[in-house]
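Structural characterization, general
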There are 2 protein chains.
Amino acid sequence: MKSVRRAYASSLNGTWPASKAKYVPTSGTYPKGYTAAGVFVGIKHGNTDKLDLALLSSDRPAAAAAVFTKNKFQAAPVTFSRRLLDARANTGLRSVIVNSGCANAVTGTGGLEDAAAMASTTDRHVGAPDSTIVMSTGVIGQRLPIAKIVDHIPVAYLKAGDSHQHWLDCATAICTTDTFPKLMSRSFKLPSSPGVEYRIAGMTKGAGMLAPNMATLLTILATDAPIAPGIMRSVLQQAVDCSFNSITIDGDTSTNDTVALLANGAAGGTEVTSEQSEDGRAFSGMLTDFAADLAKYIVRDGEGATKFVTIRVVDCASLDSARTIARSIARSPLVKTALYGNDANWGRILCAAGYALISPPGHLVNDVPEIVPERTSVSFIPTDGSQELKLLVNGEPEEVNEARAGQIVQATDLEILVKLGTGDKSAVHWTCDISHDYVTINGDYRT
Amino acid sequence: MKSVRRAYASSLNGTWPASKAKYVPTSGTYPKGYTAAGVFVGIKHGNTDKLDLALLSSDRPAAAAAVFTKNKFQAAPVTFSRRLLDARANTGLRSVIVNSGCANAVTGTGGLEDAAAMASTTDRHVGAPDSTIVMSTGVIGQRLPIAKIVDHIPVAYLKAGDSHQHWLDCATAICTTDTFPKLMSRSFKLPSSPGVEYRIAGMTKGAGMLAPNMATLLTILATDAPIAPGIMRSVLQQAVDCSFNSITIDGDTSTNDTVALLANGAAGGTEVTSEQSEDGRAFSGMLTDFAADLAKYIVRDGEGATKFVTIRVVDCASLDSARTIARSIARSPLVKTALYGNDANWGRILCAAGYALISPPGHLVNDVPEIVPERTSVSFIPTDGSQELKLLVNGEPEEVNEARAGQIVQATDLEILVKLGTGDKSAVHWTCDISHDYVTINGDYRT
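If you're wondering where the values come from, they're calculated on a predicted model, not measured in any experiment. (Residues numbered from 1 in each chain as written. Chains lettered and ligands numbered in written order. Predicted model: local features only at pLDDT ≥ 70, side-chain atom pairs only at ≥ 80, totals over all residues. Heavy atoms only, no water.)

1. Remarks on the overall build of chain A
Our working rule: Numbering goes from the N terminus for both helices and strands, where a helix is a DSSP run of H or I of at least four residues and a strand is a run of E of at least two. For the exposure calls, accessible area comes from a 1.4 Å probe over protein chains only, and a residue counts as buried if that area is under 20% of its type's maximum, exposed if over 50%, partly exposed in between.
Each helix and strand in chain A was counted, giving 11 helices and 14 strands. Within chain A, the fraction of its 447 residues that count as buried is 63%.

Structural data, given as structure tokens:
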């Protein structure tokens, strides 16, 4: 068996697999007023040269918001950053400081002090107290080598710059078992300021793909558009629900998951103060699309993944149920191993839909009006533009051309379409397959 | 990589792996008044000699109940048998007829007719109309070769007997990807009839182990104790919750899952008419223990499994939450791959507990009083009687002797103990690891 070995803690220093090179940008259009850096500290034992400390700073106060994990065991940087954003009411933030190689989770009051030390050291260099969001990713239950980290924050501050390479180093330093850095940038306009070009950049890291488990998801989004602090949280939450919460690593479950958005207004133009305004809706739509495209990179880099699969659930009685059904199919190990095995096994797809909404064991009540077997249809949609392959139509199995089904399922990209016929709501979820490599990587992750 | 290939449809004809031989009984004490048979039909294409039709019959009317899957796509035999038991009010049943090799699921009205034909053919031979429960397991979306099956029901009826080999053939014929037949028998007494020896026998099949997905779980339990029809369903449901719903194949999710209990009273004694009576409590306790021991065989035969792991959650504020947390740990692919890799990674255990009770993405409300990080403890309990290894005590990581941890996690059997410190409820869940073989088996299952 050919096995991809992944080092735990940013294994990337400008090298990534040839097959992933197309996902790494060679240039970008970055938002004004930000500087970025990625430096080497050596946080994880055995890391002798990988970037593992990232700093992103705005040259002026920015509105900021973050969506954090709901896991009951929240890492110290999550607790610290949540309190900071609450205390600042989403205003006046300047920096995000991130380390990989150690999660600073389940580390008690000492861990909280370490997170605070990372923030205050950054604050001092940037010259603005209480202005730094902290993120960490890595192994749970170990204290950070905080002296080393604090010593290197000045190095990061001095090295920071606004070139493509600076942003790429920053995106590289947040990685753990990722095989390539995930960085994107884009320009956009808002209706009320047609003469202003706004920009947004984002970086993310993920990796574990099987379920929304412990492969920490960290994301930093930064724009130079002027967004009012009061709408930041809600605009971000909506974007996260349709992106990082719509891949099989959900943003809600590791001890450290954090998605942060900074908006420093450096590009000028009119401040966006309402989500319902024309500008608000335009920004929200742009942010959701941007976040979804960034989230897809995480699926492309799923541990051991060989396929990128879109699960689309349409004509459902409720949005919540459409999302739950899409997620259930995306998470099903039997669906995922069938995809890996190039097996067009629609029975497993149907089965995963069929148990998505049922009550847990021991509970008898189980009314699921969103699914009516006789109205359910399942198709494979090839991504090469060729014809849809119907597998089940209104609850009746089709005579499937197995050769054609095998052909579609062998492609790297594939869409599974489930029509429920019970309403007009829909949801999309992105996922990948489970391979032998997934087991190898995760059976030998900590050691 | 050494790969265990499993044929899909009873791959067993008196041969099973040497390592599993200890789980297959060579004799038994079977309940009075029942005959059993397992015969070859050739239901699945390519099956040339494996038993694939099972019949269990009582020589007198029996009380019967069943717990069925909650999956919205219910197989025809599930629909048929549910209606039958409702119509008969759990009384006057005689037989269970089971085929492996084809699930008769998503087969429309034709499939329902096939299930009815299996039942009525059995009824005719037994000489009692509307007295046969039907079960099927195998691939979804294909019609049964019903003529062949109907032709072979008389053969099964003629071959049926009450010897150990008859019961073993019956238990073998219900298997699909199982590597050994799962059969158990036991004697017991009830307080009000101290002079009567009662007997119970049970057979089950499972196999897929990763999550409660599509590896159909079928179980038949038969006793010669006299149990009133009115309490059968509730006694069975309670036993299932603490057994088949407490392993990582939950009984509630495939299209075909069915657990049936027959009680024909052939041993005599006083009828048990109340669950709250001394007899009722004794029978219920015995049935729960028996079902749990049978369910553990399924875990022992998990696809590709190399370990048997008990997850025990104690001191929890509610029973439901204790179960949900235990199941979340048991289902976590990251916990399961760590166990496979002999990695004592308690961080993944904690993480899986920490997301067990959280609200889904898009829902902000997330109050989880059952988990308080500072009161949570995690230990490994070796099964060789040696000392507990504390990993986390009241939220603080212990200095773990990694050599000792590695030693414990390398054993085939292992218990993970999670103390929550928020109440007095507890739950146990049994699970196994995920190996390379799991991926191999499930990536190449239908073909």
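2. Observations concerning the environment of R88 of chain B
Residues and elements named next belong to chain B. Filter applied, for reference: Contacts are residue-level and defined by heavy atoms, with any inter-residue pair within 4.5 Å sufficient.
With respect to the helices and strands, the residue R88 is situated in helix α1 (residues 76-88). Judged by relative accessible area, which is 25%, R88 ranks as partly exposed. Spatially, the C-alpha atoms of R88 and V309 are 40 Å apart, while their sequence positions differ by 221 residues. If sequence neighbours within four positions are ignored, R88 has contacts with L93, P129, D130 and S131.

3. Focus on the packing of helix α2 (residues 108-126) of chain A against helix α3 (residues 146-159) of chain A
All names here are of chain A. Quick reminder of the rule: What counts as an axis is a line fitted to C-alpha atoms, over the stretch in contact for a helix, and the angles between N-to-C directions run from 0 to 180 degrees. Comment on the angle field: the value is read as roughly parallel under 35 degrees, roughly antiparallel over 145, roughly perpendicular from 65 to 115, and oblique elsewhere. Each crossing is labelled by how the near helix is turned from the far one, with a counterclockwise turn of less than a right angle marking it left-handed and a clockwise turn marking it right-handed.
Close contact between α2 and α3 brings their axes to 10 Å; oriented N to C, the two are set at 25°. Between α2 and α3, the crossing angle belongs to the class labelled roughly parallel. Where α2 crosses over α3, the handedness of that crossing is right-handed. Residue-level inspection shows D114, A117, M118, T121, T122, H125 and V126 of α2 in contact with α3, the latter providing I146, I149, V150, I153, P154 and Y157.

4. Some words on the UniProt feature "binding site: substrate" (unreviewed entry) in chain A
Residues and elements named next belong to chain A. Counted only if it meets this: UniProt positions are given in the numbering used here, feature names are shortened, and annotations may be inferred rather than shown by experiment.
Following the UniProt record, one finds the feature "binding site: substrate" (unreviewed entry) at T176, K205, T216, E303, N442 and T447. With respect to the element layout, T216 can be found in the loop between β6 (198-205) and β7 (218-223). Beyond its immediate sequence surroundings of up to four residues, T216 is in contact with S136, T137, K205, G206, S254, N256 and D257.

5. Details of the pattern of salt bridges
Worth spelling out the cut-off: Should a side-chain nitrogen of Lys or Arg be within 4 Å of a carboxyl oxygen of Asp or Glu, the pair is scored as a salt bridge.
Inspection of every chain in the model, using the stated rule, returns 24 salt bridges over all chains. Across the pair D301 of chain A and K182 of chain A runs a salt bridge whose closest N-O atoms are separated by 2.7 Å. One end of the pair, D301 of chain A, is in the loop between α6 (278-300) and β9 (308-316); the other, K182 of chain A, is in strand β5 (residues 182-188), with 119 residues separating them in the sequence. The exposure classification of D301 of chain A matches that of K182 of chain A, with both residues buried. Residue D59 of chain B pairs with R60 of chain B through a salt bridge whose shortest N-O separation is 2.8 Å. According to the relative accessible area criterion, R60 of chain B is partly exposed, its value standing at 33%. Among the charged side chains, a network of salt bridges with common partners joins K20, D178, K182 and D301 of chain A.

6. Description of the packing of helix α8 (residues 333-340) of chain A against helix α9 (residues 346-354) of chain A
Residue and element names in this part refer to chain A. Definition in use: Under this grouping Gly is polar, as are all residues other than the nonpolar Ala, Val, Leu, Ile, Met, Phe, Trp, Tyr, Cys and Pro and the charged Asp, Glu, Lys and Arg.
Remark: α8 packs on α9, axes separated minimally by 9 Å, with the N-to-C direction vectors making an angle of 160°. Judged on the interaxial angle alone, α9 and α8 are roughly antiparallel. The hand of the α8/α9 crossing is left-handed. On α9, the residues touching L334, V335, T337 and A338 of α8 are R348, I349 and A352. Across the contact of α8 with α9, the residue classes break down as 5 nonpolar, 1 polar and 1 charged.

7. Some points on the sheet that holds strand β12 (residues 396-397) of chain A
Working definition: the strands of a sheet are paired by backbone hydrogen bonds and lie parallel or antiparallel to each other. Residue and element names in this part refer to chain A. Note the following rule: Strands are labelled as partners when DSSP assigns at least two bridges between them.
Taking strand neighbours across the sheet as the criterion, the 6 strands line up as β12-β11-β10-β13-β9-β14 in an open arrangement whose pairing is mixed. For this open sheet the edge positions go to β12 and β14 (425-432), each flanked by a neighbour on one side alone. Bridge count for β9 against β14 is 7 bridges, and the pairing is antiparallel. Residue pairing across strands places I311 opposite H429, the latter belonging to β14. Its contacts with the sheet put helix α7 (residues 319-331) on β9, β13 (413-419) and β14, and the angle it makes with β14 is roughly 20°.

8. A look at helix α8 (residues 333-340) of chain B
Residue and element names in this part refer to chain B. Note the threshold: Polar contact is defined as a pair of N or O atoms within 3.5 Å, subject to the rule that within protein one atom must be able to donate a hydrogen and the other to accept it, and that residues adjacent in sequence are counted only when both atoms are side-chain atoms.
α8 sits mainly inside the fold: 7 of its 8 residues count as buried. By the burial criterion, the buried members of α8 are P333, L334, V335, K336, T337, A338 and L339. Where α8 begins, one side-chain oxygen reaches toward the backbone nitrogen of V335, 3.0 Å away; that side chain belongs to S332. Phi turns positive, to about 55°, at N342, one or two residues after α8.

9. Observations regarding the pairing of strand β8 (residues 258-263) of chain A
All names here are of chain A. With 6 of its 6 residues buried, β8 lies for the most part within the structure. Side chains T258, A260 and L262 of β8 all project onto a buried face; the interleaved residues V259, L261 and A263 project onto the opposite face, where all are buried too. Summarising the sheet, strand β2 (residues 53-68) and β8 pair through 6 bridges and their orientation is antiparallel. The residue of β8 that forms the bridge with A65 is L261. Note: β7 against β8, 6 bridges, orientation parallel. Looking across to β8, one finds that L218 is bridged to T258.

10. Focus on the environment of D224 of chain A
Position of D224 of chain A among the secondary structure elements: in the loop between β7 and α5 (229-241). Note: C-alpha distance between D224 of chain A and T91 of chain A (133 residues apart in sequence) is 15 Å.

11. Examining the packing of aromatic side chains
How we decide: When two rings of Phe, Tyr or Trp (its six-membered ring) have centres within 6.5 Å they constitute a pair, described as stacked for plane angles under 30 degrees, edge-to-face for angles over 60, and tilted for the intermediate range. Any Lys NZ or Arg CZ found within 6 Å of a ring centre and within 35 degrees of that ring's normal is scored as a charge over the ring.
Tallying each qualifying case throughout the model produces 14 aromatic pairs over all chains. Ring plane angle 10° and centroid distance 4.9 Å describe the contact between Y30 of chain B and W167 of chain B, whose orientation is recorded as stacked. Of this pair, Y30 of chain B sits in the segment before β1 (34-39) while W167 of chain B sits in helix α4 (residues 164-173), and the two are 137 residues apart along the sequence. Of the two residues, Y30 of chain B and W167 of chain B, both sit in the buried class. With a centroid separation of 6.2 Å and an interplanar angle of 85°, the aromatic rings of F180 of chain B and Y297 of chain B are classed as edge-to-face. Here Y297 of chain B lies in helix α6 (residues 278-300) and F180 of chain B lies in the loop between α4 and β5 (182-190), a separation of 117 residues in the sequence. Neither residue differs from the other here; F180 of chain B and Y297 of chain B are each classed as buried. Of the aromatic side chains, those joined through ring pairs into one cluster are Y23, F180 and Y297 of chain A. Between the NZ or CZ atom of K182 of chain A and the centre of the ring of F180 of chain A, over which it lies, the distance is 4.4 Å.

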